[in-house]
Amino acid sequence: TNNGIYDSEEFEAFIAVRDEGAGISLANQKRLFQAFVQIRPGDLQSGRGTGLGLAITKRITELHAGHIGVFSPGEGLGSTFFYYHTSWCISWC
């Protein structure tokens, strides 16, 4: 749209990253974005980390009206993490 001061248009962003790594069970997918949750910490991160990274990322994404999530068919079958966001791009004249 153009109101004489700036032009704006809506855009969508969808990003997905897939791997063929450890995979995540359905039960753990539901817990993954909760604060202080680590999935199999001894196996995957050598016990390091706080379990806050994905929880913070999800909160920031939701504050900006975006969506973030994960899909995995199960342990040993890889995972796909995704991010989706609709926003407005403003170009000043």
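Residues numbered from 1 in each chain as written. Predicted model: local features only at pLDDT ≥ 70, side-chain atom pairs only at ≥ 80, totals over all residues. Heavy atoms only, no water.

Another aspect to go through is the nonpolar core. Of all hydrophobic cores here, the largest spans seven residues; its members are Ile24, Leu32, Phe33, Val37, Ile39, Ile68 and Val70. Excluding residues that lie within four positions of it along the chain, Phe33 makes contacts with Leu54, Ala55, Lys58, Ile68, Gly69, Val70 and Phe81. (Core = buried A, V, L, I, M, F, W, Y, C linked by side-chain atoms within 4.5 Å. Buried < 20%, exposed > 50% of the residue type's maximum accessible area, 1.4 Å probe, protein only. Contact = heavy atoms within 4.5 Å.)

Right, let's talk about the pattern of salt bridges for a bit. Pairing is possible between side chains that carry opposite charge, provided their charged atoms lie close to one another. Evaluated as defined, the whole model comprises one salt bridge. Salt-bridge contacts for Lys58 lead to Glu62; the nearest nitrogen and oxygen are separated by 3.2 Å. With Lys58 and Glu62 both in helix 3 (residues 53-63) and four residues apart, this pair spans about one turn of that helix. Judged by its relative accessible area of 40%, Glu62 falls in the partly exposed class. (Salt bridge = Lys/Arg side-chain N within 4 Å of Asp/Glu carboxyl O. Helix = DSSP H or I, 4+ residues; strand = E, 2+ residues; numbered from the N terminus.)

On to the packing of aromatic side chains, then. Any pair of aromatic rings gets described here by the distance separating the centres and the angle formed by the planes. One pass over the structure, following the stated rule, counts one aromatic pair. For the ring pair Phe14 and Phe82, a centre distance of 6.5 Å and an interplane angle of 20° mean the geometry is stacked. In this pair, Phe14 is assigned in strand 1 (residues 6-19) and Phe82 in strand 3 (residues 79-92), connecting sequence segments 68 residues apart. For Phe82, a relative accessible area of 30% corresponds to the partly exposed category. Sitting over the ring of Phe33, Lys58 keeps its end group 5.5 Å from the ring centre. (Phe/Tyr/Trp six-rings, centres within 6.5 Å; stacked < 30°, edge-to-face > 60°. Lys NZ or Arg CZ within 6 Å of the ring centre and 35° of its normal.)

Our next topic: unusual backbone geometry. One non-glycine residue, Phe36, lies in the positive phi region at around 65°. Note that Phe36 resides in the loop between helix 1 (26-31) and helix 2 (41-44). In this structure Phe36 comes out as exposed when scored by relative accessible area, which is 62%. The phi dihedral of Ala65 is positive, around 65°, even though this residue is not glycine.

With that settled, consider the environment of Ser72. Looking at the secondary structure, you find Ser72 in the loop between strand 2 (66-71) and strand 3. Among the residues examined, Ser72 registers a relative accessible area of 5% and is labelled buried. Separated by 48 residues in the primary sequence, Ser72 and Ile24 place their C-alpha atoms 5.7 Å from one another. Those residues in contact with Ser72 that sit more than four places away from it in its chain are Gly23, Ile24, Gln29, Gly78 and Ser79. A distance of 3.0 Å separates the side chain of Ser72 from the backbone nitrogen of Ile24, its partner in a polar contact. (Polar contact = N/O pair within 3.5 Å; in protein donor to acceptor, adjacent residues only side chain to side chain.)

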